[in-house]
Amino acid sequence: MEDAAAFSRASPRAPEANTVKEDLTTTEGNHGRAPSTSSEGLSRSSSDKRKRKDSSSMAVQRRTEAAAIMEYDLATSFEVTNELQTPTWVYDPVEGRTLWGNEAVVAFFGKTSMDEFLAHHMDADFAAKARRAAAGEDGASQAQWKLTALPPSSPHRDGAMVGAALTIRFRVVSVRGAGDVLLVTANGGMFDSIHTLRSLESLHREMHHAAPELDDSLVGAPAAGDTPDHWLHDSLRAMEMLKTSPIFTFLFGTAGDLLTANPCAVAFYESYFAIRSQEGKQISLQNILSVADLGDEETVAYPDGNGPPAASGEGGGGSDATVTALMDHVRYVLFDQKFESFRIQLKMAKRRDPKKHRWVEFEMWAARDPVTDKGAILVNQTNLQETKRLELELKGKHDDLRAKNEILQSELDRANRDKSESLDLDSTVDKTINLLEGIIRGNQPTEEELRALKRALRTRNLRAPNRLEEMLLGNKAGFEGEVGLSLFEMLNPNTKSVPGQPLSARENSNMRRSLSRNSTMELDDDNDEKAEGEALEPAAAGPPRQPSAGAAVAEVLETVDEWFFDAFRLEECTNGHPLSVLSCHLFARLNLYETFQIDDAQFFQFCLKIEQGYPNNAYHNRVHVSNVLQSMYVLLTKGLGPRLAGDHEIAAGLLSAIIHDYEHKGVNNDFLIRFQDDLALKYNDRSPLENHHVAAAFEVMVTKPHDIFKQCDPEVFISIRKCVIEMVLATDMKIHFDVLGRFKQIEEKVREGVEDLMPEDVSLALQVCLKCADIGHCYCESNVHLRWVQKLEQEFFAQGDREEELGAVAKSPLMDREKAGITKSQVGFFKIVVVPLFASFCKAFPSAEPMLSSLNRNLELWAKVEEEQLEISEVFEVAGADQTMR
Ligand code: 5GP
Ligand code: MN
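Note that the structure is a prediction, hence the values are computed from the model and not measured.

Along its length, the protein chain carries 38 helices and twelve strands. Per-residue burial for the protein chain yields a buried fraction of 49% across its 886 residues. Taking as baseline every contact in the protein chain between residues at least 6 positions apart, the subset at least 24 positions apart corresponds to 67%. Total accessible area on the protein chain is roughly 42,200 Å²; 52% of this is exposed by carbon and sulfur atoms.

Shown next, in the form of C-alpha cells:
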C-alpha cells in the first residue's frame, strides 16, 4: 500500500520518502550535535543568550518569554514538517546560519542531504529579511524573496523560480541550545509548516484539556508537568500510528468533505472509486456511504438501532436523496443528539467482483478539525466480513446441525419403531388377551382395533407374531437379506420349501431318486449291526457292557450340575460315547433306575443303540445331544425345580433329550419336504424329522433287547411316552411361536407357584425346557458356543452343497458356502428366537437367570462382529478354551 503517497490528501509523498528520511536520520544526528560542536555553539552559554537578548529588539524579547515555554529540539521537533512539501528550514539570524531543513527544502535547493543544504549560504537579501523579521518589524514576518541562483541539481533551476519571487514566512521559535531563531517556510501551499506545528500544539492542548483558548501567538501553554518534547513526541507517534494503522480512519468535514485519512483508507477508496487525488477529485463521506444500496434492508444495518427514519417510498437505494438524508441524520445524531457514536453496517460490492459482497461497519464520532477548529466527523471502518462470515458459518452450522438432528431424530424414531417392531412378537392371541384385559380395566377399544383383531382372528396361526413376515422379510435392520429369509423359513409354518423358487427341471427329476442316494445314512431299523458298525468311530470291538469311568470322565461329570458345560470335553474322554456315559450317569444319580424299574445294564445298551443312531453330522450328532441332555438336566432340576419336575417329568425330560434328534439326516425339514424324502412322505410333510426322531426311538425302546420300560407300570410308561412325544415334537422351530405363545400365558402362573397347575401347563413347561436345552449352546461359555455355531454353519453349508448337487436353482438362505453363513448373522437369531425364549423361561423360572446373562454376553459378541465388521477371531477367544467359567 502506498501509505506515504496516500497519507494526506493535501500532501502526497513520493515512495522514496523513506530513503530520504534515512539519510536525514544520520544528518540529523550530526546536526543535533552541531550547535554544541561548532565553536559558536560551544560558546553559547546563558550569558551569551543574555547578550543576544540585549541585542535583540523588544519584539524578540516578548516572543522569548512565550517561546521559552515551548522550546523546540532540532533533532526531533521539526521532523513532522518532512510530511509537507513546503520547503521549511530553521535559520539563525544572529549567526546567519541555517540550522535545519526539511526534505522539501533540501530537494528544492537541489541538495542530496541536509548537511549539503546546511552548507548552502542564503544570500544577503534573505539574511536581511530574516533579521528584520527577528527584530519584529511590522510586516516583516512575510516577505517576497527573489532567488538569484539555484544549483543545476535543483528541480526548479530551469523553471520560473530563478528570478521569481518566493513568498517566505518567518516565525520566531526557541530552539534548545540555539536560543531564539527563525522557522522559515517558502511558498507555503495549503498547509505550511507553521500551521502544522500550530495544529500539533493545539491538538496536544486538546488532548490534555489545557488552554482551551487558542491565541494568535501560535504558542500555547502545555499542561503542568508536561514538557514540550513529551507532547511533540506524543504527537509524532500518534501520527505514525495513524499512518501505519491498517484500520481505515477518516476525518471528514461536517459536509462530508475529506479532511484527511490514513494511507490505507485513501489508497483503497481511490482504487475503489477509480479516483486520482492528483486530479483534484476527492473521496467524500457521501461516496463511501453509497457503496451499498441504502434503501435495501438487506444491504444496510444499524446495529445500535439508531438508523434514520424509514426512507420515503420514492427513495431508491443509494440515490442522492437517500445519501443526503443519511448525512443529515449522521449530523443530527452526532452533533444534536450527541450520541457517543453512530454505527452503520453496509454490504458493499467487492472491488474486483461486484457480484460478490462483504460487510463493513462504519463507526462515526463527533470530532473537531484542529486546523479550522470546526466540527468534523471521525470515521473508522472495520471489516465485518470475518464476523459476518463467522455469523453465516455459525448459522450454516446451526442449520446443518438442525438438519442432522432431524435426520437423527427420524432415525431414532425409526429405530424405536424397528425395535418395537422386532420386539413386537405379539400374536393374535396375545393381542386379544391384551385387548380383553384393557376392557376389564375399563378401556374401550377403538373400532379400528376391533376390526383389526377380527381380521387377525381369521388367520391360521393365532400364536405366531402378527408382524413376523413384515419384520423378517421387510429388510429391517438386523434381518437384512438372507438373515430374515432364513429365520422366516425356519419359523413360519406356512413357508413353501423355498419361497418364490420353483424347482428346476433337474431338481424335479432328481427328487427321491437322488435323495435316496444322497441320504446321510440308511435308515434301516432292522439292521442293528450295520447301524452300530457305521455309526461312530472309534468303532468299539464290541459294545461295552458298562459305561467307561476313567478319571477324566469323572472330572467332566463332576461339572454336570453346573449351568455351563462343555460336551466336547466329554466326548474326548468317553471314547466317543458321551451320550451313553452321560445318560447312565444322570439316571443313576437321579435314582431313576429304581424309580422306574429300569435295568441299568439294559439302559446302557439302549443308550448305546440310540447313540449309534446319531450320524456324524457336523452339528446334529451325539455331542450336540449330550449337550442338550446336560442342559435339560440342569433346566429341570435347577430351573423348574422339584415342585414342577418330579421323577416322572425328569425321566421324561431326560429321555426326550436323549432321543430328540435321533437319526437326524443333517438336513432340515424344508429339505426333506422339498426333495420328497421318505420321511416327508411318511409324515405328510409335518415335522418329518421330529416325528421320525420320536417314532424311531420309541420303536427301539419297545423292542427287545432295548425295551427298558418293560417292568414299568404301563400307565406310567404311557404318560412318559406322551410327554416325550410332546416335547420332541415341540422342538420343530415351525411351531416355536405357538409353543412360546402358549407358555407366555402361564409364565405368571408358574412363577407365582400356583398350586393347581394343569397337566397341560406342566407339559408346556417341559416343552419349553427342551426347546431351551436344544439351543442351550447359546448360553455356553463363548468359545464353546462359537464351536457349536461353527458346526451348525458347516452342516448348513453341507446342506447347501447337497441342494446344489440335486440341481436346486437356489440354495437355502445362509447355506451357500460361497456366501455368508450363520456366523455372520447370529444377532438376528438371538433377537428373534434365543432372547425371547430364554427371557420367557427365566420369567417363569428366575433361578435360571445365569443363562440369560451368559447368552446376552454372547449376543454382545455377535453384535460386535456384525456392527464393527470384525473377524470372529477378533471378538471370540478362539484358541485355548477357558474351562474356568463355571
Ligand atoms: P434342532 O435342529 O437342534 O432340534 O433345533 C435347533 C434349530 O435351531 C437348528 O436346527 C437350527 O436351525 C436352529 N439353530 C440352533 N442354534 C442356532 C444358531 O446358533 N444360529 C442359528 N442361526 N440357528 C440356530
Ligand atoms: Mn437338537
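Here we take up the coordination of the manganese ion (ligand 2). Every protein donor of the manganese ion (ligand 2) is accounted for by H624 (NE2), H660 (NE2), D661 (OD) and D774 (OD), and the metal-donor separations fall at 2.1 to 2.4 Å. Along the chain, the residues that donate to the manganese ion (ligand 2) are spaced as H-x35-H-D-x112-D. Of this pair, H624 sits in helix α27 (residues 622-644) while D774 sits in helix α34 (residues 759-774), placing them 150 residues apart in sequence. This pair shows no difference in class: H624 is buried, exactly as D774 is.

Before going further, it helps to examine the pairing of strand β2 (residues 88-92). A large share of β2 lies buried, amounting to five of its five residues. Of the two faces of β2, the one carrying T88, V90 and D92 and the one carrying W89 and Y91 are both buried. Pairing of β2 with strand β6 (residues 179-186) involves four bridges; the strand directions are antiparallel. For V90, the partnering residue across the bridge sits in β6 and is L183. Pairing geometry for β2 and strand β3 (residues 97-101), over four bridges, is antiparallel. When the bridges of β3 are listed, Y91 appears paired with T98. Here β2 hands over to β3 after four residues, with G96 in that stretch at a positive phi of 65°.

Here we come to the UniProt feature "binding site: AMP" (unreviewed entry) in the protein chain. Under the present numbering, the feature "binding site: AMP" (unreviewed entry) in UniProt falls on H620, N621, R622, V623, H624, D661, D774 and Q826. From the list above, the largest cavity is lined by H620, H624, D661, D774 and Q826. With respect to the helices, strands and loops of the structure, N621 is situated in the loop between α26 (600-612) and α27. Apart from the residues lying within four places of it in its own chain, the contact partners of N621 are Y614 and P615. At a separation of 3.0 Å, a polar atom in the side chain of N621 contacts the main-chain amide nitrogen of V623. Apart from residues no more than four positions distant in its own chain, D661 is found in contact with Y614, H620, H624, V625, H693 and D774.

The UniProt record marks H624, H660, D661 and D774 with the feature "binding site: Zn(2+) 1" (unreviewed entry), using the residue numbering of this structure. These annotated residues cover 151 residues of sequence, and their C-alpha atoms lie no more than 10.4 Å from one another, placing them together at a single site. Narrowing the list just given to those that line the largest cavity leaves H624, H660, D661 and D774. Structurally, D661 is set in the loop between α28 (647-659) and α29 (669-674). Excluding residues that lie within four positions of it along the chain, D774 makes contacts with Y619, H624, V628, H660, D661 and T731. Here the side chain of D774 touches H624 through a polar contact of 3.3 Å, side chain to side chain.

Another point: the confidence of the model for the protein chain. As a general rule, the predicted coordinates of low-pLDDT regions are not to be interpreted in detail. Predicted confidence across the protein chain gives a mean pLDDT of 79, with 76% of residues reaching 70 or more. Per-element mean pLDDT across the protein chain ranges from 33 in helix α2 (residues 17-37) up to 98 in helix α31 (residues 688-701). Ignoring residues within four places in sequence, the model shows residues 1-68, a span with pLDDT below 50, making 103 contacts including any to other chains. A low-confidence stretch, residues 312-318 (pLDDT under 50), is modelled with ten contacts involving residues beyond four sequence positions or located in other chains.

Here we come to the nonpolar core. In terms of nonpolar packing, the biggest core is built from 127 residues, with F603, F606, I610, L640, F709, I832 and F841 touching the most fellow members. Once residues within four sequence positions are removed from consideration, F709 is found in contact with F596, I598, L655, M701, F717 and I720. Core analysis: the second largest hydrophobic core is formed by 38 residues, F109, A133, V173 and L182 among them.

Right, let's talk about the sheet that holds strand β9 (residues 300-301) for a bit. Strands sit in the order β8-β7-β12-β11-β10-β9 across an open sheet of six strands; the sheet is antiparallel. Looking along the sheet, the strands with just one partner apiece sit at the ends: β8 (258-261) and β9. Note: strand β11 (residues 357-368) against strand β12 (residues 375-383), nine bridges, orientation antiparallel. Within β12, the residue paired with E361 across the bridge is T382.

Under the defined criterion, the tally for this structure stands at four cavities of 30 Å³ or more. Surrounding the largest cavity, 38 residues form its lining, M490, H620, N668, M733 and F796 being those nearest its centre. For the lining of the largest cavity, the secondary-structure elements that each account for two or more residues are α18 (481-491), α29, α31, α35 (782-805) and α36 (826-844). Here the lining of the largest cavity is composed, by residue class, of 16 nonpolar, 14 polar and eight charged.

Before going further, it helps to spend a moment on the environment of R368. By secondary structure assignment, the location of R368 is in strand β11. R368 sits 115 residues away from G253 along the chain, and the two C-alpha atoms are 8.6 Å apart.

To continue, consider the site of ligand 1. In the vicinity of ligand 1, 14 residues are found, and the nearest of them are H620, D774, H777, Q826 and F829. Contacts to ligand 1 include H620, whose side-chain N or O atom sits 2.6 Å from an oxygen atom. D661 is positioned with one of its side-chain polar atoms (N or O) 3.4 Å from an oxygen atom of ligand 1. Considering ligand 1 on its own, with 490 Å² of exposed area, one finds that the protein chains cover 90% of that surface. Its atoms largely coinciding with the cavity grid, ligand 1 occupies the largest cavity. Among the elements of the structure, α35 and α36 are those that each provide at least two residues to the shell around ligand 1. No other element matches the three residues that α35 contributes to the shell around ligand 1. Looking at the shell around ligand 1 residue by residue, the classes come out as eight nonpolar, four polar and two charged.

This part takes up the pattern of salt bridges. Summed over all chains, the structure comprises 23 salt bridges. Note that D304 is salt-bridged to R343, the shortest N-O span being 2.8 Å. Highlighted residues: D304 in the loop between β9 and α13 (320-336) and R343 in strand β10 (residues 342-349), separated in sequence by 39 residues. R343 gets classed as partly exposed once you look at its relative accessible area, which sits at 22%. Residue E804 pairs with K811 through a salt bridge whose shortest N-O separation is 3.3 Å. You can call K811 buried: its relative accessible area is 18%.

About the criteria used
By convention here, each chain's residues receive numbers from 1 onward along its written sequence. Lettering of chains starts at A and numbering of ligands starts at 1, both following the order in which they are written. Residues qualify for local features only when their pLDDT is at least 70, as the model is predicted, and side-chain atom pairs are given and counted only at 80 or more; totals for whole chains, interfaces and linings, by contrast, use all residues. Side-chain figures throughout are based on the complete set of non-hydrogen atoms in the structure, without hydrogens or water. A run of H or I in DSSP counts as a helix once it spans at least four residues, and a run of E counts as a strand once it spans at least two, with each numbered from the N terminus. In this scheme, a residue with accessible area under 20% of its type's maximum is buried, one over 50% is exposed, and one in between is partly exposed, where area comes from a 1.4 Å probe on protein chains only. Residues count as neighbours in contact if any of their non-hydrogen atoms are within 4.5 Å of one another. Note on areas: these come from Shrake-Rupley sampling with a 1.4 Å probe, and a residue is covered only by the protein chains present in the view. With water excluded from the atoms, a metal site may look incomplete; its donors are any N, O or S atoms within 2.8 Å, or within 3.2 Å for Na, K and Ca. Note on pairing: DSSP must find at least two bridges between two strands before they are called paired. UniProt positions are given in the numbering used here, feature names are shortened, and annotations may be inferred rather than shown by experiment. Throughout, the protein atoms alone are placed on a 1 Å grid, and a set of points is a cavity if a 1.4 Å probe fits but cannot get out or a pocket if it is open with protein on both sides within 12 Å along at least five of seven lines; lining residues have an atom within 4 Å of a point. Identification of polar contacts relies on pairs of N or O atoms within 3.5 Å, with a donor-acceptor requirement for protein atoms, meaning one able to donate a hydrogen and the other able to accept it, and with residues adjacent in sequence counted only if both atoms are side-chain atoms. Each residue gets a pLDDT score, which is the predictor's confidence in that residue and runs from 0 to 100. Among the buried residues, those of types Ala, Val, Leu, Ile, Met, Phe, Trp, Tyr and Cys that are joined through side-chain atoms within 4.5 Å form a nonpolar core. Grid points are joined across faces, edges and corners, and a volume is the space filled by probe spheres set on the points. Note on residue classes: Ala, Val, Leu, Ile, Met, Phe, Trp, Tyr, Cys and Pro are nonpolar, Asp, Glu, Lys and Arg are charged, and everything else, Gly too, is polar. We call a residue near a molecule or strand when any one of its heavy atoms sits within 4 Å of it. Grid points define the cavity or pocket, and a molecule sits in it when more than half of its atoms lie within 2 Å of them. Salt bridge, as used here, is a side-chain nitrogen of Lys or Arg placed within 4 Å of a carboxyl oxygen of Asp or Glu.

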